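Structural overview
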Amino acid sequence: CPDCSLTPNKATQRRQKELESKLRKDPSTAKKVIPSKELYHIRSCALAIMNHGDKLPPAKLEEYQTVIRKHHKLDKQEQLSKEILQETIDMEFTIPNENFIPGAQLVVDALNEDDDKIADFIRDWRYHFLETMHSRYLPIGWDVDSPVHCDRPNQRT
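Right, let's walk through the structure included here. (Residues numbered from 1 in each chain as written. Predicted model: local features only at pLDDT ≥ 70, side-chain atom pairs only at ≥ 80, totals over all residues. Heavy atoms only, no water.)

Some points on the overall build of the protein chain
- Scanning the protein chain for helices and strands turns up 6 helices and 2 strands.
- Secondary structure elements in the protein chain, listed N-terminal to C-terminal, are α-β-α-α-α-β-α-α.
- Against the compact-globule benchmark of 15 Å for 157 residues, the protein chain has a radius of gyration of 27 Å, which places it well outside the compact range.
- The contacts of the protein chain with a sequence gap of at least 6 include a subset with a gap of at least 24, amounting to 60%. (Helix = DSSP H or I, 4+ residues; strand = E, 2+ residues; numbered from the N terminus. Rg over C-alpha atoms; globule rule 2.2 N^0.38 Å. Contact = heavy atoms within 4.5 Å.)

In structure tokens, the structure reads:
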């Protein structure tokens, strides 16, 4: 039932985050997207013009307008409408992080096809399952310490 699975799901997410933080050596690989300084600057220029354009020094106003025109590939003579400014303010200023490593990949890399590490990992998850689910109806013979068989069909001998 949905209510019964909510608590174990939260516990599982917590455990996954703990594993990920333990294995992640480089914090710059943690986020899927990161802010683009260039896009953020363009957005800031549009915000400044929209909110304080009448108070900006003429040279600064021209600089900001040039940044926005360049981004939108507009001619120097074209006026920046409120619609263009608003579109620029609303634009997404994050970009994909090329260094991003998903948590699952960190685990796979840490296990490194080592049968003992994989077996320990599986036993830890079995224990986590017991602790969070409090299952009363496990199959006969089910045990945290049951042997783990790692079978790799493409393994060379």
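Topic: the pattern of salt bridges
- Throughout the structure, instances matching the rule amount to 2 salt bridges.
- Here Arg-24 ties to Glu-20 by a salt bridge, and the two come within 2.6 Å at their closest N and O atoms.
- Of the residues examined, Arg-24 reaches a relative accessible area of 13% and is grouped as buried.
- Notably, a salt bridge pairs Lys-60 with Glu-63, separated by 3.3 Å at the nearest N-O pair. (Salt bridge = Lys/Arg side-chain N within 4 Å of Asp/Glu carboxyl O. Buried < 20%, exposed > 50% of the residue type's maximum accessible area, 1.4 Å probe, protein only.)

Describing the nonpolar core
- Residues Cys-45, Ala-46, Ala-48, Ile-49, Leu-56, Tyr-64, Ile-68, Leu-80, Ile-84, Leu-85 and Ile-89 constitute the largest nonpolar core, which totals 11 residues.
- Excluding anything up to four places from it in sequence, Ala-48 contacts Gly-53, Leu-56 and Tyr-64. (Core = buried A, V, L, I, M, F, W, Y, C linked by side-chain atoms within 4.5 Å.)

Considering the side chain of Arg-69
- Relative to the elements of secondary structure, Arg-69 occurs in helix α3 (residues 58-72).
- For the buried Arg-69, no salt bridge is present, and the opposite-charge side chain at shortest range is Glu-62, 4.2 Å distant.
- For Arg-69, the residues in contact, after removing those within four places along its chain, are Glu-62, Leu-74, Asp-75, Lys-76, Glu-78, Gln-79 and Leu-80. (Lys, Arg positive; Asp, Glu negative; His and termini not counted.)

Describing the packing of helix α5 (residues 103-111) against helix α6 (residues 115-133)
- Their axes nearest at 8 Å, the elements α5 and α6 cross at an angle of 135°. The orientation of α5 with respect to α6, classified from their angle, is oblique. Note on element contacts: α6 touches α5 through Lys-117, Ile-118 and Phe-121, opposite Val-107, Ala-110 and Leu-111.
- The residue makeup of the contact of α5 with α6, split by class, is 5 nonpolar, no polar and 1 charged. (Axes fitted to C-alpha atoms, helices over the stretch in contact; angles between N-to-C directions. Parallel < 35°, antiparallel > 145°, perpendicular 65-115°, else oblique. Nonpolar A, V, L, I, M, F, W, Y, C, P; charged D, E, K, R; others polar.)

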